[in-house]
Amino acid sequence: MDLTPIPPADDDNTEAGPYIELSRAAFADLAERTDIDIDEEALERIRGLGDPTSQRDVVEIYRPLTQLIHLYCMHTGALFEASDAFLRLGDHGMRRTPFVIGIAGSVAVGKSTVARLLKELLARSPRRPEVELITTDGFLYPNSVLEEKGLLERKGFPESYDRKALLQFVVDVKSGVPEVAAPVYSHISYDIVPDEKVVVRHPDILIVEGLNVLQPPRLRSNNTTGLTLSDFFDFSVYVDAREDDIIDWYLSRFLALRRTAFTDPDSYFTEYAALPDDQAVAVAREIWDQINGPNLRHNVLPTRGRATAILHKGHDHEIESIWIRKI
Ligand SMILES: Nc1ncnc2c1ncn2[C@@H]1O[C@H](COP(=O)(O)OP(=O)(O)O)[C@@H](O)[C@H]1O
Ligand SMILES: CC(C)(COP(=O)(O)O)[C@@H](O)C(=O)NCCC(=O)O
């Protein structure tokens, strides 16, 4: 097996992390024979628009990754039990807290496919845990508030989220609150859906997916820092790719959305549905250059070195290598 320490990557803001890099083949070798599988119909449902994740990817990448997360989950559970027993917390009616997984990465890198796939596979792992998935877009400020704050052109930047509410949501779930509600974002209206909520009911595992889930704590005006979302993660995944490749995926998805989501009369992007290819590419390129590209470079990529696992995708979306944090 190829266990090479990752050299420092000074060229792209990543701090030298304590990782080992496994090639795709080495990682695939780790997959034990288990019954954690997914049928083609479920995979079709899970895949994001234009995402070619295949059964081969499930077997070679997602099965070993699920087993690794399962291992973390079992050991975290055992640690909680031992610590609760020592502290006699059982006497106070405490119960095990949900295992929380964060999934980070750029816009259009395929986070949602990874998150949905892990949800399905983890739910099929031994003991059949209850797994819930939320996306952080529900915690974006509504467009009206973003406009007031001058942040409409900064959607997806850390400051465009109600970070306090997002942190409180995860703290509540982790603390065992039986029902915790989160707001809902619509990619069709490009805004928060008024009066709609998703409710998370004390799952065994909570997956939190979003651009900024690995952001470090904010510096307060008195130079101190508080807690941040990732303080409550038991495992995290960063979905990684070269920006040029992500731009290609973003542009092709934008072209494909003209025939799907943009044709919805309620779509915020409805005026783009009839655009010819060259004009649609120009619009998408502008959104990338103004919003998603700078956000990736300034806010998202710098958090890569905080993840427990980094999945590095090649040009065709195939995961080429996996970096696992060893300490
Ligand atoms: N303008 C849009 N209209 C409809 N769906 C969209 C739009 N933009 C993104 N999506 C969908 O929203 C989901 C999240 O997209 P994104 O935030 O780019 O993350 P990722 O591609 O990493 O999953 C994807 O399933 C994508 O297809
Ligand atoms: C909604 C998003 C900010 C992603 O949010 P996330 O779920 O990662 O918190 C992003 O998909 C988005 O819409 N960005 C704004 C620019 C654009 O339309 O691509």
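Here, the structure is the one placed above.
Residues numbered from 1 in each chain as written. Chains lettered and ligands numbered in written order. Predicted model: local features only at pLDDT ≥ 70, side-chain atom pairs only at ≥ 80, totals over all residues. Heavy atoms only, no water.

Asker: Tell me what's going on with helix H8 (residues 277–300), and back it up with residues and numbers.
Answerer: The terminal C-alpha atoms of H8 lie 29 Å apart, and with 24 residues this falls more than 12% below the ideal 34 Å at 1.5 Å per residue. Of all the bends in H8, the largest measures some 45 degrees and sits at Trp 288. (Helix = DSSP H or I, 4+ residues; strand = E, 2+ residues; numbered from the N terminus. Expected span 1.5 Å × (residues − 1). Bend = angle between axes of the 7 residues up to and from the residue.)

Asker: Please set out the environment of Ser 186 residue by residue, giving values where relevant.
Answerer: Within the secondary structure, Ser 186 is located in strand S5 (residues 180–186). Overall, the relative accessible area of 16% leaves Ser 186 in the buried class. On a C-alpha basis, the gap between Ser 186 and Gly 138 in space is 8.3 Å, while along the polypeptide they are 48 residues apart. Among all residues touching Ser 186, those that are not within four sequence positions of it are Asp 191 and Val 193. From its side chain, Ser 186 meets the backbone nitrogen of Ser 189 in a polar contact 3.0 Å long. (Buried < 20%, exposed > 50% of the residue type's maximum accessible area, 1.4 Å probe, protein only. Contact = heavy atoms within 4.5 Å. Polar contact = N/O pair within 3.5 Å; in protein donor to acceptor, adjacent residues only side chain to side chain.)

Asker: Describe in detail the packing of helix H7 (residues 243–257) against H8, supporting the description with residues and values.
Answerer: Where H7 meets H8, the axes come as close as 9 Å, and the angle between the chain directions of the two elements is 135 degrees. Classified by the interaxial angle, the pair formed by H7 and H8 is oblique. Judged by the sense of rotation from one axis to the other, the crossing of H7 with H8 is right-handed. Across the interface between the two elements, Glu 243, Ile 246, Ile 247, Tyr 250, Leu 251, Phe 254 and Leu 255 from H7 touch Asp 277, Ala 280, Val 281, Val 283, Ala 284, Arg 285, Ile 287, Trp 288, Asn 292, Gly 293, Leu 296 and Arg 297 from H8. (Axes fitted to C-alpha atoms, helices over the stretch in contact; angles between N-to-C directions. Parallel < 35°, antiparallel > 145°, perpendicular 65-115°, else oblique. Left-handed = near helix turned anticlockwise from the far one by under 90°.)

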